[in-house]
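Structural characterization, general
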Amino acid sequence: MPSVQVLISRLDAGVPIPSYARPGDAGADLVTTSDVDIAPGERAVVGTGVAIALPDGYAAFVHPRSGLAARAGLSVVNTPGTIDSGYRGEIRICLINHDLREPIRLRRGDRIAQLVVQKVEYAVFQEVEELGDSARGAGGYGSTGGHAVLAAVRETTEE
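Fair warning: this is a prediction, and the values are worked out from it, not measured in the lab.

So, the sheet that holds strand S1 (residues 7-10)
- Taken together, the 4 strands give an open sheet; going across it, the order is S1-S4-S8-S6, and neighbouring strands pair in antiparallel fashion. Unpaired on one side and paired on the other, S1 and strand S6 (74-76) mark the two borders of the sheet. On average, each strand axis in the sheet is inclined to that of its neighbour by 45°, with strand direction left out of account.
- Pairing geometry for S1 and strand S4 (residues 43-53), over 4 bridges, is antiparallel. Paired with Arg 10 across the two strands is Val 50, which belongs to S4.

Here we look at the UniProt feature "binding site: substrate" (unreviewed entry) in the protein
- Cross-referencing UniProt, the feature "binding site: substrate" (unreviewed entry) maps to Arg 65, Ser 66, Gly 67, Asn 78, Thr 82, Ile 83 and Asp 84 in the present numbering. The annotated residues occupy 20 residues of the chain and do not converge on a single region, their most distant C-alpha atoms lying 26.4 Å apart. The annotated residues contributing to the lining of the second largest pocket are Arg 65, Ser 66 and Gly 67.
- Within the secondary structure layout, Gly 67 lies in helix H1 (residues 66-72).
- Residue classification places Gly 67 among the partly exposed positions, given a relative accessible area of 26%.

So, how was this worked out
- Residues numbered from 1 in each chain as written.
- Predicted model: local features only at pLDDT ≥ 70, side-chain atom pairs only at ≥ 80, totals over all residues.
- Heavy atoms only, no water.
- Pairing = 2+ DSSP bridges.
- Helix = DSSP H or I, 4+ residues; strand = E, 2+ residues; numbered from the N terminus.
- Axes fitted to C-alpha atoms, helices over the stretch in contact; angles between N-to-C directions.
- UniProt positions renumbered as here; feature names shortened; annotations may be inferred.
- 1 Å grid on protein atoms, 1.4 Å probe; cavity = no way out; pocket = protein on both sides within 12 Å on 5 of 7 lines; lining within 4 Å.
- Buried < 20%, exposed > 50% of the residue type's maximum accessible area, 1.4 Å probe, protein only.

See the structure below:
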């Protein structure tokens, strides 16, 4: 697997630096530096105790951990959170509890999200009078179907 060197500064000596749980994993686990309880439907911004320096042409993306999302309803509000190559501050994560009934209790050192580092292209935007045609055209949300509820909604909106 290709690799890129990412410089890291541990801002809290008591927490580990991001690490991959298994060989081949795309995301390195991030942990929280504090104890926090998140009530149903509420948000909390938590620190990870680390800052990074990405090379130009790279960005890091903070993704939810799938097990916490599926089992407890914990997610990242602005998923994925984007860390630009020029940012040098602490990686902080805005978490949300999507569970309707149960609070989520996080403790210092708990793995809360994953960091995916990717090469990114810098776009040069060119304004034109008209965009060319494509097979999809302007079809947006649900335009490809694939679920009975989408077909029902399409029938209602076409009447």
